[in-house]
Amino acid sequence: METVSHYVADGWAIAADPHTSIGRLAALTAETACVPFVNLARVAAHRRSQRESG
């Protein structure tokens, strides 16, 4: 959690899978600090769909 807080304080985006406990905590931390949150589950799904359609 200290690492996440450090990146939030510096304004970095947080990337995690919100389906996991730590991912939900990271999403909440990002939302509270108003920094971008990257949902890794969505990124992975998007890449899979691109490969299947390509």
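Residues numbered from 1 in each chain as written. Predicted model: local features only at pLDDT ≥ 70, side-chain atom pairs only at ≥ 80, totals over all residues. Heavy atoms only, no water.

Moving on: the overall build of the chain. Across its full length, the chain carries three helices and two strands. Reading the helices (α) and strands (β) of the chain from amino to carboxyl end gives α-β-α-β-α. Looking at the chain residue by residue over its 54 residues, the buried ones come to 19%. Put simply, of all contacts in the chain between residues at least 6 apart along the chain, 28% involve residues at least 24 apart. Approximately 4,200 Å² of the chain is accessible, and the part contributed by carbon and sulfur atoms is 56%. (Helix = DSSP H or I, 4+ residues; strand = E, 2+ residues; numbered from the N terminus. Buried < 20%, exposed > 50% of the residue type's maximum accessible area, 1.4 Å probe, protein only. Contact = heavy atoms within 4.5 Å. Areas by Shrake-Rupley, 256 points an atom, 1.4 Å probe, with all protein chains shown as cover.)

For the rest of this paragraph, the subject is the confidence of the model for the chain. Mean pLDDT over the chain stands at 78; residues scoring 70 or higher make up 76%. Within the chain, helix H2 (residues 21-33) carries the highest mean pLDDT (86), whereas helix H1 (residues 2-9) carries the lowest (64). (pLDDT = per-residue confidence, 0-100.)

On the surface, a nonpolar cluster with roughly 200 Å² of combined accessible area is contributed by Val38, Leu40 and Val43. Among the secondary structure elements, Val43 is positioned in helix H3 (residues 40-53). The partly exposed category is assigned to Val43, whose relative accessible area is 33%. (Patch = residues over 30% accessible without salt bridge, like charges linked within 9 Å, V, L, I, M, F, W, Y side chains within 5 Å. Salt bridge = Lys/Arg side-chain N within 4 Å of Asp/Glu carboxyl O.)

Looking now at unusual backbone geometry. Among all residues save glycine, negative phi is the norm, and among peptide bonds the norm is trans. Here the phi dihedral of Cys34 falls at roughly 60 degrees; this positive angle occurs in a residue that is not glycine. Within the secondary structure layout, Cys34 lies in the loop between H2 and strand E2 (37-39).

Attention now moves to the nonpolar core. Soluble globular proteins: nonpolar side chains tend toward being buried together. Formed by Ile14, Ala16, Ala26, Ala30 and Val35, the largest nonpolar core amounts to five residues. Listed by contribution, the elements that provide at least two residues to this core are strand E1 (14-16) and H2. If we skip the residues at most four places from it in the chain, Ala16 touches Gly23, Ala26, Phe37, Val38, Asn39 and Leu40. (Core = buried A, V, L, I, M, F, W, Y, C linked by side-chain atoms within 4.5 Å.)

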